[in-house]
Amino acid sequence: MTRVFSGIQPTGGVHLGNYLGAVRYWVEDQRDGETFYCVVDLHALTVPRDPAELCRQTRGMATLLLAAGLDPEACNLFVQSHVPEHTGLAWLLECTASMGELARMTQFKDKAAKGGEEAARVGLFTYPTLMAADILLYQATHVPVGEDQRQHLELTRDLAGRFNHRYGEVFTVPEPAIPPAGRGARIMDLQEPTRKMSKSGGSDQGMIGLFDDPAVVERKISRAVTDAESGPDAVRFDPDAKPGVSNLLQILAAATGADPAEVAGAYRRYGDLKAATAAAVVEMLRPLRAAYQDLEADPAGVDRVLRRGAERAGPVAAATLARAREAIGLLPPGTAYQS
Ligand code: TYM
């Protein structure tokens, strides 16, 4: 049976890349097998956070995922720190991974470069082992993520294989479920279309937040960087040669459920493409914003969903952790007290 696990950080707001690369696929596929979706609050601690803000944003992210269409009857939605097995398994995986392989993670290198490696928190370095623990605890067969998480998933697969090889079969080796190119796998920054749209790093003008006002969405898209080509074939899907235009086509196609190369045929002028893209994004986000407002009025209801999610996730995680602990040679609790 298919077992799906995926996670999202609660901080920094959700942008169009998160939505088109991951969240909408979670919603579409939530009834395929058993699905676990997690707000990864522990991962947010790898950089400085205001405590009250983190707490508020964690509930806010869960609210947004429900507004986007996750159905608590169909999937298990929970908060990472509510299931303590995540950190328990992360330690076993830290003792499986090598310094060298963690040091090769590009996200660590990028983020550590910003504030200096000396000052970077140890958690930023070990981040991928916690992510591997998230996935492996649930014996996930599939992990729906955007292209930027591919390297972390490769590491997860390596760690699972190594652990199984050393200590016996404990973990399912998961498959990345990354959308095909042009289908939301990598939404780019509108101002710098050769870098991914990101919560941290990019300019505010290059990122569309899910709660940006329609007028702001229209303005940001109308100012998106394109190129100087004109002529009847200027609008075409060619991410290498035309990153800005291709990004708009990818967004428009994703928002309307079409193919980016086909969508291109309907436009000749960049202005028309931008207007159509903005209109499609505004339409796509409208119901989500309305649903969020309703759900936000009932925080206790959201907390109930999260509690139920953790109650269902907990036993699955506990069973895997118990097997991993035993396989690696830790004395099972209880035995120690027997005479
Ligand atoms: P996070 O919170 O940065 O992003 C959440 C999801 O959004 C995808 N994404 C994008 N997709 C397309 N275009 C973009 N520009 C773009 N930016 C982000 C990400 O690929 C991701 O799927 N480490 C993870 C969270 C995590 C996780 C896990 C994911 C923790 N444990 C276990 C899967 C399984 C992260 O920081 O995602």
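Since this is a predicted model, take the numbers as computed values, not measurements.

K.L.:
Describe helix 13 (residues 299-328), and please don't skip the residues or the numbers.
P.N.:
Look at helix 13: 41 Å from first C-alpha to last across 30 residues, which is about the 44 Å you get at 1.5 Å a residue. Residue Ala313 marks the point of greatest curvature in helix 13, where the axis turns by about 25°; the proline Pro315 follows within four residues. Immediately downstream of helix 13, the backbone of Gly329 shows phi near 105°, a positive value.

K.L.:
Residue-level account of the packing of helix 9 (residues 214-222) against helix 12 (residues 270-296), with values.
P.N.:
The geometry of helix 9 relative to helix 12 is characterised by a closest axis approach of 9 Å and an angle of 150° between their N-to-C directions. On the basis of the axis angle, helix 9 is roughly antiparallel to helix 12. Viewed along their axes, helix 9 and helix 12 form a crossing whose handedness is right-handed. Facing Pro214, Val217, Glu218, Ile221 and Ser222 of helix 9, the residues of helix 12 in contact are Lys274, Thr277, Ala278, Val281, Val282 and Arg289. Residue composition of the contact of helix 9 with helix 12, by class: six nonpolar, two polar and three charged.

K.L.:
Help me get a handle on the environment of Gly244, residues and values and all.
P.N.:
Turning to its location among the elements, Gly244 is positioned in helix 10 (residues 243-256). By relative accessible area, which is 6% here, Gly244 ends up buried. With 207 residues separating them along the chain, Gly244 and Tyr37 place their C-alpha atoms 32 Å apart. Among residues more than four places away in sequence, those in contact with Gly244 are Pro193 and Val225.

K.L.:
Requested: an account of unusual backbone geometry, with residues and values cited.
P.N.:
In the Ramachandran plot, Gln139 falls in the positive-phi region, its phi being about 50° despite a non-glycine side chain. Tracing the backbone through its elements, the reader meets Gln139 in the loop between helix 7 (122-137) and strand 4 (142-144).

K.L.:
Just give me the short version of the site of the ligand, but keep the residues and values in it.
P.N.:
Inspection of the region around the ligand gives 28 residues, with Tyr127, Asp134, Gly146, Asp148 and Ile187 positioned closest. Here an oxygen atom of the ligand sits 2.7 Å away from a polar atom, N or O, in the side chain of Tyr127. Residue Gln149 places a side-chain N or O atom 3.2 Å away from a nitrogen atom belonging to the ligand. Relative to its free-state accessible area of 700 Å², the ligand is covered by the protein chains to the extent of 96%. Residues that form the shell around the ligand fall into these classes: 12 nonpolar, 11 polar and five charged.

K.L.:
Tell me about the packing of helix 3 (residues 51-67) against helix 13, residues and numbers included.
P.N.:
Two elements in contact, helix 3 and helix 13, have axes separated by 10 Å at closest approach and are oriented at 85°. Looking at the two axes, helix 3 sits roughly perpendicular to helix 13. Across from Arg59, Ala62, Thr63 and Leu66 in helix 3, the residues of helix 13 making contact are Pro299, Val302, Asp303, Val305 and Leu306. Per-class residue counts for the contact of helix 3 with helix 13 are six nonpolar, one polar and two charged.

K.L.:
Please provide a residue-by-residue account of the pattern of salt bridges, values included.
P.N.:
Any two side chains of opposite charge can pair, given that their charged atoms come close. Taken as a whole and judged by the stated rule, the model has 19 salt bridges. Note that Arg56 and Glu53 form a salt bridge whose closest N and O atoms lie 3.1 Å from each other. With a gap of three residues between them, Arg56 and Glu53 both fall in helix 3, about one helical turn apart. You can call Arg56 exposed: its relative accessible area is 52%. Measuring nitrogen to oxygen at the nearest pair gives 3.0 Å for the salt bridge that ties Lys242 to Asp227. Of the two residues, Lys242 sits in the loop between helix 9 and helix 10 while Asp227 sits in the loop between helix 9 and helix 10, which places them 15 residues apart along the sequence. Judged by relative accessible area, Lys242 falls into the buried class, the value being 1%. Connected through shared salt-bridge partners, Asp227, Glu229, Arg236 and Lys242 make up one network.

K.L.:
Can you lay out the environment of Ala119 for me, pointing to particular residues and giving the numbers?
P.N.:
The residue Ala119 is located in the loop between helix 6 (106-115) and helix 7 in this model. Accessibility expressed as a relative area gives 61% for Ala119, which makes it exposed. The spacing of Ala119 and Leu16 is 103 residues in sequence and 31 Å in space, taken between C-alpha atoms.

What counts as what
- Residues numbered from 1 in each chain as written.
- Predicted model: local features only at pLDDT ≥ 70, side-chain atom pairs only at ≥ 80, totals over all residues.
- Heavy atoms only, no water.
- Helix = DSSP H or I, 4+ residues; strand = E, 2+ residues; numbered from the N terminus.
- Expected span 1.5 Å × (residues − 1).
- Bend = angle between axes of the 7 residues up to and from the residue.
- Axes fitted to C-alpha atoms, helices over the stretch in contact; angles between N-to-C directions.
- Parallel < 35°, antiparallel > 145°, perpendicular 65-115°, else oblique.
- Left-handed = near helix turned anticlockwise from the far one by under 90°.
- Contact = heavy atoms within 4.5 Å.
- Nonpolar A, V, L, I, M, F, W, Y, C, P; charged D, E, K, R; others polar.
- Buried < 20%, exposed > 50% of the residue type's maximum accessible area, 1.4 Å probe, protein only.
- Near = heavy atom within 4 Å.
- Polar contact = N/O pair within 3.5 Å; in protein donor to acceptor, adjacent residues only side chain to side chain.
- Areas by Shrake-Rupley, 256 points an atom, 1.4 Å probe, with all protein chains shown as cover.
- Salt bridge = Lys/Arg side-chain N within 4 Å of Asp/Glu carboxyl O.

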